[in-house]
Amino acid sequence: MGRLTMRRLAAEVGSTPMALYHHVRDKEELLLLLLDDYAARTMRRPELPAHPRERIIVAATAIHEALAACPWIVEVLTADDLLSTSALWFVEQIVDGLVECGLSLDRAVHGYRAIWYYTAGEIVVRTTAARRRADDDRATYREQVFADLDPSELPRLAQAADRWAPLTAEDTYRDGLRALVDGLLVSR
């Protein structure tokens, strides 16, 4: 939240910083209002499957889709002290699904945190990479390095070097989420 300024927020909502202060006490109050408004408008409660593992996947995917559409919110949420009360229904579904799959409540909360970190991290990495590619059409440093890999030292990476960028650009969120959930449930 330190990098998120009233000036930046005002630009996001098409206003000026001073105009915002006429309606809210401070940045935190404005952020809470924005979080709740965004969650209420965009986070539709999906139809949940009967199986608790699948409910976890559906709820986490709904969170991911809503936040990927407005990635600046992830920056606010990763400060870890603000949240949208409207979005807690999704968190409840994940924690409840983990409990129904056999985890203790404490382990289910830890499991939710792992899912949240994976989800937020995936959005931050993809958004930052997309922004960088949009701002600069030169080859990235990684592309330059991968073009010159020594196959005798890094044989697998050299073998995949020409496909690395498209492979890592694929949307594998659901696959990773399923693997993460399966890993959490193995520990029960």
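Residues numbered from 1 in each chain as written. Predicted model: local features only at pLDDT ≥ 70, side-chain atom pairs only at ≥ 80, totals over all residues. Heavy atoms only, no water.

- If you look the chain up in an unreviewed UniProt entry, it shows as HTH tetR-type domain-containing protein from Streptomyces minutiscleroticus.

1. Comments concerning the nonpolar core
Step number 1: Within the largest apolar cluster, 36 residues are counted, with the highest numbers of intra-cluster contacts made by Ile-56, Leu-67, Ile-94, Leu-98, Ile-115, Leu-177 and Val-181.
Step number 2: Among the elements of the structure, α1 (6-13), α4 (52-68), α5 (72-77), α6 (88-100), α7 (105-135) and α11 (173-186) are those that each provide at least two residues to this core.
Step number 3: At seven residues, α4 tops the list of elements feeding residues into this core.
Step number 4: Setting aside its immediate chain neighbours within four residues, Leu-177 contacts Ile-57, Ala-60, Thr-61, Ile-115 and Tyr-118. (Core = buried A, V, L, I, M, F, W, Y, C linked by side-chain atoms within 4.5 Å. Buried < 20%, exposed > 50% of the residue type's maximum accessible area, 1.4 Å probe, protein only. Helix = DSSP H or I, 4+ residues; strand = E, 2+ residues; numbered from the N terminus. Contact = heavy atoms within 4.5 Å.)

2. Examining the layout of surface pockets
Step number 1: For the largest pocket, the calculated volume is near 550 Å³.
Step number 2: The wall of the largest pocket is formed by 21 residues, among which Ala-129, Arg-133, Arg-142, Thr-168 and Ala-169 lie closest to the centre.
Step number 3: Contributing elements (two or more residues each) for the lining of the largest pocket: α7, α8 (141-147) and α10 (164-169).
Step number 4: No other element matches α7, which puts eight residues into the lining of the largest pocket.
Step number 5: Of the residues belonging to the lining of the largest pocket, the class tally is 10 nonpolar, four polar and seven charged. (1 Å grid on protein atoms, 1.4 Å probe; cavity = no way out; pocket = protein on both sides within 12 Å on 5 of 7 lines; lining within 4 Å. Points joined across faces, edges and corners; volume = space filled by probe spheres on them. Nonpolar A, V, L, I, M, F, W, Y, C, P; charged D, E, K, R; others polar.)

3. Looking at the UniProt feature "DNA-binding region" (unreviewed entry) in the chain
Step number 1: In the numbering adopted here, UniProt assigns the feature "DNA-binding region" (unreviewed entry) to residues 5-24.
Step number 2: Overall, residues 5-24 shows 65% helix and 0% strand. The separation of its end C-alpha atoms is 14 Å. (UniProt positions renumbered as here; feature names shortened; annotations may be inferred.)

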